[in-house]
Amino acid sequence: MASVLLPLPQLSVLFDYRRSRKESSFPRAVNNSNAILSNSTNANHFLRRISNFCETGDLDKSFRVVQEFAGDDESSSDAFLLIREALGILLQASGKRKDIEMGRKIHQLVSGSTRLRNDDVLCTRIITMYAMCGSPDDSRSAFDALRSKNLFQWNAVISSYSRNELYHEVLEMFIKMISKTHLLPDNFTFPCVIKACAGISDVGIGLAVHGLVLKTGLVQDVFVGNALVSFYGTHGFVSDALKLFDIMPGRNLVSWNSMIRVLSDNGFSEESCLLLGEMMEEGDDGAFMPDVATVVTVLPVCARERQIGLGKGVHGWAVKLSLDKELVVNNALMDMYSKCGCITDAQIIFKLNSNKNVVSWNTMVGGFSAEGDINGTIDLLRQMLAESEAVKVDQVTILNAVPVCFDESLLPSLKELHCYSIKQEFVYNELVANAFVAIYAKCGSLSYAQRVFHGIRSKTVNSWNALIGGYAQSSDPRLSLDAHLQMKNSGLLPDGYTVCSLLSACSKLKSLRLGKEVHGFIIRNWLERDLFVYLSVLSLYIHCGELCTVHVLFDAMEDKSLVSWNTVITGYLQNGFPERALGFFRHMVLYGIQPCGISMMTVFGACSLLPSLRLGREAHAYALKHLLEDNAFIACSIIDMYAKNGAITQSSKVFNGLKEKSAASWNAMIMGYGMHGRAKEAIKLFEEMQRTGPNPDVLTFLGVLTACNHSGLIHEGLRYLDQMKSSFGLKPNLKHYACVIDMLGRAGKLDNALRVAAEMSEEPDVGIWNSLLSWCRIHQNLEMGEKVAAKLFVLEPEKPENYVLLSNLYAGLGKWDDVRQVRQRMKEMSLRKDAGCSWIELNGKVFSFVVGERFLDGFEEIKSLWSILEMKIWKMGYRPDTSSVQHDLSEEEKVEQLRGHSEKLAITYGLIKTSEGTTLRVYKNLRICVDCHNAAKLISKVMEREIVVRDNKRFHHFKNGFCSCGDYW
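The notes below deal with the structure included here. All residue numbers refer to position in the chain's written sequence, counted from 1. Local features in this predicted model are restricted to residues of pLDDT 70 or higher, and side-chain atom pairs are both shown and tallied only at a pLDDT of 80 or more, whereas totals for entire chains, interfaces and linings draw on every residue. Side-chain numbers come from the whole structure's heavy atoms, not from hydrogens or water.

## Observations concerning the pairing of strand β5 (residues 955-959)
At step 1: Only protein chains enter the accessibility calculation, which uses a 1.4 Å probe; a residue whose area is less than 20% of its type maximum is buried, one above 50% is exposed, and one in between is partly exposed. Strands are runs of DSSP state E lasting at least 2 residues, helices are runs of H or I lasting at least 4, and numbering of each runs from the N terminus. A large share of β5 lies buried, amounting to 4 of its 5 residues.
At step 2: The criterion for strand pairing is that DSSP finds at least two bridges linking the strands in question. Here strand β4 (residues 947-950) runs beside β5; their pairing, made up of 4 bridges, is antiparallel. Among the inter-strand pairings, V948 is bridged to a residue of β5, identified as H957.
At step 3: Taking the residues that link successive antiparallel strands as the turn, the β4-β5 hairpin has 4 residues.
At step 4: Here 2 bridges tie β5 to strand β6 (residues 962-963), and the two strands are oriented antiparallel to one another. Looking across to β6, one finds that F958 is bridged to C963.
At step 5: Connecting β5 to the antiparallel partner β6 that follows it, the hairpin turn spans 2 residues, and N960 within it adopts a positive phi of roughly 55°.

See below:
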């Protein structure tokens, strides 16, 4: 056939002419693609046009052009190869754009041509196209239709299943290939199969595949090696992954990224960061610069560990390498800054991002929600709704926003979110419904939680867990136990989360019997292997005061993590055993566990309860060395520790040195001034807080009321209570009222105190009645005292302190017969009063003294020095105040008893064992008596010492013959 010579060789002219012509008006010879496509210039132009159409998304136009040439089975080899290349470009574009309809048209076109349908390359690309479009079934059909199948096609169908996470099908095809053909897997087959082994979490098959890799000699291939590293990392075999990584002969950037991700995903945050640094160093493989995958792997590590410094460094690399233009990197940066508490930085990145997707918005919503910023969260949601053309709110948006509504006061906002979710039918999503169940319960709206729960059509274990967990945290934890029974009756079995919630409920109820039943279920069902379940069991026994059981369970743990150590240490502290808490802390350090912020807070808490200023200072030095003082919670613990050890000046220094003062730090400092009776400083700080700091909360007012209480500022205290309600909209709780009642009682205004107790919205607790009885004793109000004592005997019939207070009231009035009756009643009930006990810390060691103790080491030395002291202070006007002795004895016997008071013994011992000018710090378990108070004032002047005494009410700073309390305590 003669070729047709075209006057213009440019194919663009041909294309335009073809679109406009009628079939009858052009010679048939134009279908001869040999003539048109044999010219290399034409061929290149042809492929460029096809590529351009594909890049602009005009696949139909590209298809029509190719279709006109593809039907000629008699075309030359060069023309055929060109058509095949064009179809390959079109198939790849269809896959990228997930345009399966166009892909099917191409497949049909190929199938209609004998030469094209027998072309291995095109058949392989068709299989891959269907995989990219998310249709592995079409990939399989195309594969099955092939008469003969080569390794590329087997790999393509295996990759199709792998790409679409159909991992069992991957293994099925792999087994068929190696068992029914003579083909050997290559470095493309194995990565897909290894990924499938990780996907189905089958270590055994994975190990078998690794063995096959060794047999085929592909273990040194970088792609296979990368897949194996990821496989072992996915299953937690970090050391095996590291060994493979170390022996890889030629690592690429993917190798480094895979190993960094393995370390990150398995909690080895520090090691993953070190490996990143190693990757960027010049080595045998050369230095590798981070790519997008590296950045989005390392940033979550920074977020998890709150490593803002490293996060900013990674941000710097991203900017330098122009990776920050990538949307996935932008979103990861926002997430990192949000989780590191730098919400403003996250906001800046968000605002500068002109290409936001739903992940961007969700990340920002989650950031505001995690900060507890209800206004920021809701405002951002409204902005997102306003831009609904570009991006739509989805279930993740709601899941990120819901946690911000954590309080009863935020119930209206929660209901608003709920209404929107109902309108958009998000509530039919199980995760969203469960989130609303849990958050309604957390807000105290159990009826709404139940309503949402009953609206869930198909309730899963997670649905029940949301309800049971919500009930466990509510004011009525017993409901969680009832829900658990209903769950079992529905045929569902509890999982680890369920039992953790049940244990939490039992802990709140302090029900050891029910807790042991849950523990039994855990043991029978092998749930103890879960660390969180085991820690919940420990927490149960801690809350129930069963510390021996806690010790046994802790010793039985094979792998004692930092969290488990912290749980036990905190448990001892909560149960009033600070010495044991510190002992366990020392064991933890010797065990090789590095203390964290929570550990240090426990240490400071223990030092606050013990006379351990020296240990507290050592702990403070440790916190400074490890840059922990910037942590708001640790800073508060340090301020509180110094205040409770009598070093209020040091508390003030720590507070003033804080870069950022949180509400908690202001509260800790105000409370510190309050317990030291320094009302002027407390009120001044409170006023400064209102001007420059965060808004005062209920704890702030408790500190201010405490200061007014210990300084006798009655009018100011009542004004602040009223201001709390009227100006700040805060509801006083029992602690606030207890402080006000104590303040009125201390001032002798017992009727007013009783009136406040009667007008409270809540029923007064034993602490309030105990305080009233104490002041009835001090002010000798027998009638009220007897009435209050009667209430206490009903509320706490077995508490010795109540009987002792009534006995002392009678003794102060000389009613010795009544005293004997009360003491006889205590004897019959086997109740014993707490003996007066004092402690003093000397050179890091604590010495204790009990009232009347005569057989302690150094007693004769103490007795001798006291005789000298008594003579000196006698000359200054000291006279024993025998009214402090609540026994029917002679005056001489009473004076002798006063000499044996524990605080006198501790002060005298401190004078013996310390050098001149050293401040003495004494701690007492009971209220300091009038006689000891008078003696301590004069001793401070005679010996030129400052003496700090902390009793069970407040601090007394004795100096130059005066006390900081102004004799008002």
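## So, unusual backbone geometry
At step 1: Positive phi values are uncommon outside glycine, yet R306 reaches one of about 55°.
At step 2: Here R306 shows up in the loop between α18 (292-305) and α19 (308-320).

## Some words on the nonpolar core
Note that soluble globular proteins tend to have their nonpolar side chains buried in a common cluster.
At step 1: Only buried residues count toward a nonpolar core, which is a set of Ala, Val, Leu, Ile, Met, Phe, Trp, Tyr and Cys residues joined through side-chain atoms within 4.5 Å. L87, I158, I194, L414 and F436 are the most contacted members of the largest nonpolar core, which totals 257 residues.
At step 2: For this analysis, residues touch if any pair of their heavy atoms sits within 4.5 Å. Sequence-distant contacts of L87, that is, excluding residues within four places in its chain, are made with V66, I106, L109, V110, L116 and L122.
At step 3: Counting residues in each nonpolar core, the second largest holds 31 residues, with L842, C929, I939 and I947 among its members.

## Things to note about helix α6 (residues 100-111)
At step 1: How far a helix is expected to stretch is found by multiplying one less than its residue total by 1.5 Å. In this model, α6 (12 residues) spans 16 Å end to end at C-alpha, consistent with the 16 Å of a helix rising 1.5 Å per residue.
At step 2: Of all the residues in α6, the buried ones are I100, M102, G103, I106, L109 and V110.

## What about the sheet that holds β6?
At step 1: Across the sheet, which stays open at both edges, the 6 strands sit in the order β2-β1-β3-β4-β5-β6 with mixed pairing between neighbours. In this open sheet, the two strands that pair with only one neighbour each are β2 (845-850) and β6.
At step 2: As defined by bridge partners, strand β3 (residues 920-924) adjoins β4 across 4 bridges and the pair is classed as parallel. Paired with L920 across the strands is I947, a residue of β4.
At step 3: Across the sheet, helix α52 (residues 902-913) touches β1 (837-842), β2, β3 and β4, and the angle it forms with β1 is around 15°. The axes used here are C-alpha line fits, helices contributing only the stretch in contact, and every angle between their N-to-C directions lies in the interval 0 to 180 degrees.

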